[in-house]
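# Observations on the three-dimensional arrangement
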Amino acid sequence: MNGWGGGYVTDVTYVLGYYRQQSPSLMTLACLLSGVAAPLPGPDDPVSYLELGCGHGFGALVLAASNPHWTVTAIDFNPAHIAEARAWAAEAGICNAHFLEADLVTLAEDPTSARVPEADFVSMHGVWTWVPEDARSGIVRLLLAKVRPGGAVHVSYNALPAWGNALGMQRVVHDCGRRLATGSDVQAMQGLRLVKELQSTGALQLNRSYLATSLLSRFENMPGPYLAHEFMHDSFAPCFHADLAAELADAKLEWVGSVNLTENFPDLTLTPDQRTLVQRFDDPLLRELLKDMCLERSLRHDLFVRGTRRMAPTERHAALMDVKLTLNIRPEDMPYEAEMPAGRAALNRSFYGPITEAMAAGPRRVGDLLAVPHLEGRRDNPAELIGLLVGLDLAEPATRPGAEPAVQARSLNRVTATRLSRAGQLGRPVAAASLALGAGAPCSLIDLYTIERMRTGGGEARIEEWVRDLGAEPDSDAGTTMREAFDRALRVKLPILRAQGV
């Protein structure tokens, strides 16, 4: 690990990813579901978006390419991240995304902060509980200076009490991994291997913790760079929701709700007895504390607003009815059951079936969906429809329904397909920039690769050629897997992406 990192992992770069919770569309829906005024940005509104801890900048690039009128500013401590992001932006011709190398400890007071515009939306994914106290203090000062009145701030972080029983696991990975290897990625993998061995001996703290057990299972096949940035920072401090809210209050920010939309519905997250107990308290922070005691919520995605404006029920209802949604799935793939913290939730087939059929051709307004004939269910609850469809990743909000693919969105998607396919991992989840959505359309790298190959000529008959270009023989096991993936992309995913404006 390089000395200039101050205990932060700098010898390996972070893994690339797209996280839909960072999208202003999702932030806006979280506000509306919580009764806070936050209209979706209009198609040509000059929105200012700021990301703190942007990594390679992929999420910022997708938002910039999907919204040509926005100003996107992304900041990271690691110069390798910023160099990569700038190169990617230049190759794709993205001119409205600006990447800045800066230390969040001192940025608020540094003359460099003049280059950071006031922001309507801010996102911090995987930063808050991985940086030291002085960096968190610097973040608060920066937010105080840069978030506009009415602006929204998304924060993802490792949360207590869920992380409490896994803190020992993290400490073993960090401390022992340091003794077993040199590079941070190898240290993390060696540390996890040691933890697995310790677990097999019957170690009490690793076998009685549900989170420790589930994390070990989930991290087993994660790449080393991801594990390094999860476990090997010297500052690793999961926190309680109320403590985060208290710190951000110094930036005049007030907690609004969760950007994981289903978490805003007590009926889906708590049992009847739990709801009765939680509802004894009017204080939303106390309610969240009790709620966190009932849930295995180790990573929270919270939304804060500077200057909350509470909406009248009629105003909220009208705003939700005007939201436009588009499907992430085919109507025939609609699940009619979903696993929720409060138990399995049944989705009424006679209600959601006609609605998803009506959405098959492209984005639809929620009010129009609730007016579809022959629905068997409540037509006066747009919040539930949005919360379930978007919260379960079955649909995305659409900022510009029907918009044709934009030049810079197409360019970014082409560059993404070209750059990442060289590195393999074609099943990697990414996102395609979409002017129609004003955000990323969820897809895999192989979907983007297929779009690019279809665009440059040839059709389904060329699949074997595509497989060979990616280094596999069509009749091999790897080739068969690739052919099946290309076939699914052509039959299933590309029609969905076409309806989403990709």
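Structural notes, computed from the coordinates. Here the structure is a predicted model, which means the values were calculated and not measured. (Residues numbered from 1 in each chain as written. Predicted model: local features only at pLDDT ≥ 70, side-chain atom pairs only at ≥ 80, totals over all residues. Heavy atoms only, no water.)

### Some thoughts on the overall build of the chain
Scanning the chain for helices and strands turns up 21 helices and 15 strands. Relative to the compact-globule value of 23 Å for 502 residues, the chain shows a C-alpha radius of gyration of 23 Å, a close match. Reported as C-alpha extents along the three principal axes, the dimensions of the chain are approximately 65 × 60 × 55 Å. Looking at the chain as shown, the accessible area adds up to about 21,200 Å², and 51% of this sits on carbon and sulfur atoms. (Helix = DSSP H or I, 4+ residues; strand = E, 2+ residues; numbered from the N terminus. Rg over C-alpha atoms; globule rule 2.2 N^0.38 Å. Areas by Shrake-Rupley, 256 points an atom, 1.4 Å probe, with all protein chains shown as cover.)

### Concerning a nonpolar patch on the surface
A cluster of nonpolar side chains, contributed by F240, L277, F281, L286, L289 and M293, occupies part of the molecular surface with about 500 Å² of accessible area. If one sorts the elements of the nonpolar patch by residue count, helix 13 (residues 284-294) sits on top with three residues. Residue placement: F281 occurs in the loop between helix 12 (272-278) and helix 13. A residue is classified by how much of its surface remains accessible, and F281, at 34% relative accessible area, is partly exposed. (Patch = residues over 30% accessible without salt bridge, like charges linked within 9 Å, V, L, I, M, F, W, Y side chains within 5 Å. Salt bridge = Lys/Arg side-chain N within 4 Å of Asp/Glu carboxyl O. Buried < 20%, exposed > 50% of the residue type's maximum accessible area, 1.4 Å probe, protein only.)

### Observations concerning a negative patch on the surface
Judged by side-chain charge, D103, E133, D134, D243, E247 and D250 come together as a negatively charged surface patch. If you trace the backbone, E247 turns up in helix 10 (residues 241-248). Among the residues examined, E247 registers a relative accessible area of 30% and is labelled partly exposed. (Lys, Arg positive; Asp, Glu negative; His and termini not counted. Charge placed at Lys NZ, Arg CZ, Asp CG, Glu CD.)

### Focus: the state of the cysteines
Within this structure, the stated rule accounts for zero disulfides. Cysteine C54 shares no disulfide, and the gap to the nearest cysteine sulfur, in C95, comes to 18 Å. A residue is classified by how much of its surface remains accessible, and C54, at 8% relative accessible area, is buried. With no disulfide of its own, C294 lies 19 Å from the sulfur of C239, the closest cysteine sulfur. The partly exposed category is assigned to C294, whose relative accessible area is 33%. (Disulfide = S-S within 2.5 Å.)

### Observations regarding the nonpolar core
Residues I94, F99, Y352, L385, L389 and L412 are the most contacted members of the largest nonpolar core, which totals 105 residues. Among residues more than four places away in sequence, those in contact with F99 are C54, G57, A60, L61, A74, I82, A85, R86 and A89. Formed by 33 residues, the second largest nonpolar core is a distinct cluster that contains L107, A135, V153 and A245. (Core = buried A, V, L, I, M, F, W, Y, C linked by side-chain atoms within 4.5 Å. Contact = heavy atoms within 4.5 Å.)

### Focus on helix 18 (residues 407-421)
The terminal C-alpha atoms of helix 18 lie 21 Å apart, and with 15 residues this matches the ideal 21 Å at 1.5 Å per residue to within 8%. All of the buried residues along helix 18 are Q408, A409, S411, L412, N413, V415, T416, A417, R419, L420 and S421. Contact partners of the buried residues in helix 18: helix 2 (58-66), helix 3 (79-92), strand 14 (429-434) and helix 19 (445-455). (Expected span 1.5 Å × (residues − 1).)

### Topic: unusual backbone geometry
Following L160, the chain continues to P161 via a peptide bond in cis, the omega torsion being 10°. Mapped onto the fold, P161 is located in the loop between strand 5 (147-160) and helix 5 (167-180). One non-glycine residue, K252, lies in positive phi territory at about 65°. On the secondary structure map, K252 appears in the loop between helix 10 and strand 7 (254-258). Residue K252 is classed as exposed on the basis of its relative accessible area of 55%.

### Notes on the sheet that holds strand 13 (residues 395-397)
One open sheet holds the three strands; their spatial order is 12-9-13, and the pairing between them is antiparallel. For this open sheet the edge positions go to strand 12 (364-365) and strand 13, each flanked by a neighbour on one side alone. Relative to strand 13, strand 9 (residues 324-327) runs antiparallel, the two being bridged by three bridges. Along strand 13, the bridge assignment pairs T326 with E396. (Pairing = 2+ DSSP bridges.)

### Overview of the environment of A360
Tracing the backbone shows A360 in the loop between helix 15 (349-358) and strand 12. Counting along the chain gives 33 residues from A360 to L327, while the straight-line C-alpha distance between them is 7.1 Å. Filtering out sequence-adjacent residues up to four positions away, A360 remains in contact with L327 and P331.

### Focus on the packing of helix 14 (residues 313-321) against helix 17 (residues 382-391)
Packing of helix 14 against helix 17 leaves a shortest axis separation of 9 Å and a crossing angle of 45°. Considered as vectors, helix 14 and helix 17 are oriented oblique to each other. When the axes of helix 14 and helix 17 are compared, the crossing they make is left-handed. Contacts between helix 14 and helix 17 pair R316, H317, L320 and M321 from the former with P382, A383 and I386 from the latter. Split by residue class, the contact of helix 14 with helix 17 holds five nonpolar, one polar and one charged. (Axes fitted to C-alpha atoms, helices over the stretch in contact; angles between N-to-C directions. Parallel < 35°, antiparallel > 145°, perpendicular 65-115°, else oblique. Left-handed = near helix turned anticlockwise from the far one by under 90°. Nonpolar A, V, L, I, M, F, W, Y, C, P; charged D, E, K, R; others polar.)

### A few points about helix 10
Along helix 10, the positions that sit buried rather than exposed are H241, L244, A245 and L248. Projected onto a plane normal to the axis of helix 10, the buried residues spread over an arc of 100° and lie on a single side. (Arc of directions from axis to C-beta.)

### Comments concerning the side chain of S123
For S123, the location among the structural elements is in strand 4 (residues 119-124). The class for S123 is buried, based on a relative accessible area of 0%. For S123, the side chain forms a polar contact with the side chain of Q22, separated by 2.9 Å. (Polar contact = N/O pair within 3.5 Å; in protein donor to acceptor, adjacent residues only side chain to side chain.)

### What about the packing of aromatic side chains?
Tallied over the entire structure, the rule returns 10 aromatic pairs. Ring centres of W466 and F486 lie 5.1 Å apart, and the angle between their planes is 70°; on these two criteria the pair is classed as edge-to-face. Taken together, the residues span a long stretch of sequence, with W466 in helix 20 (residues 463-469) and F486 in helix 21 (residues 477-499) at a distance of 20 residues. In this structure an aromatic cluster arises from ring pairing among Y14, F219, Y226 and F231. (Phe/Tyr/Trp six-rings, centres within 6.5 Å; stacked < 30°, edge-to-face > 60°.)

### A closer look at the pairing of strand 3 (residues 97-101)
Across five bridges, the pairing between strand 2 (residues 71-76) and strand 3 is parallel. Bridge pairing in strand 3 places T73 opposite H98. Handedness of the β-α-β unit built from strand 2, helix 3 and strand 3 comes out right-handed. (Right-handed = clockwise from strand over helix to strand, strands pointing away.)

### Topic: the pattern of salt bridges
In total, this model carries 33 salt bridges according to the counting rule given. Between D234 and R178 there is a salt bridge, with the nearest N and O atoms lying 2.7 Å from each other. In this pair, D234 is assigned in the loop between helix 9 (224-231) and strand 6 (239-240) and R178 in helix 5, connecting sequence segments 56 residues apart. Judged by its relative accessible area of 45%, D234 falls in the partly exposed class. Between R310 and E254 there is a salt bridge, with the nearest N and O atoms lying 3.2 Å from each other. With R310 in the loop between strand 8 (299-305) and helix 14 and E254 in strand 7, this pair connects stretches of sequence that are 56 residues apart. A network of salt bridges, in which partner residues are shared, links E263, E288, K291, D292, R297, R300 and D302.

So far we have only geometry, and geometry alone does not tell us how the molecule works.
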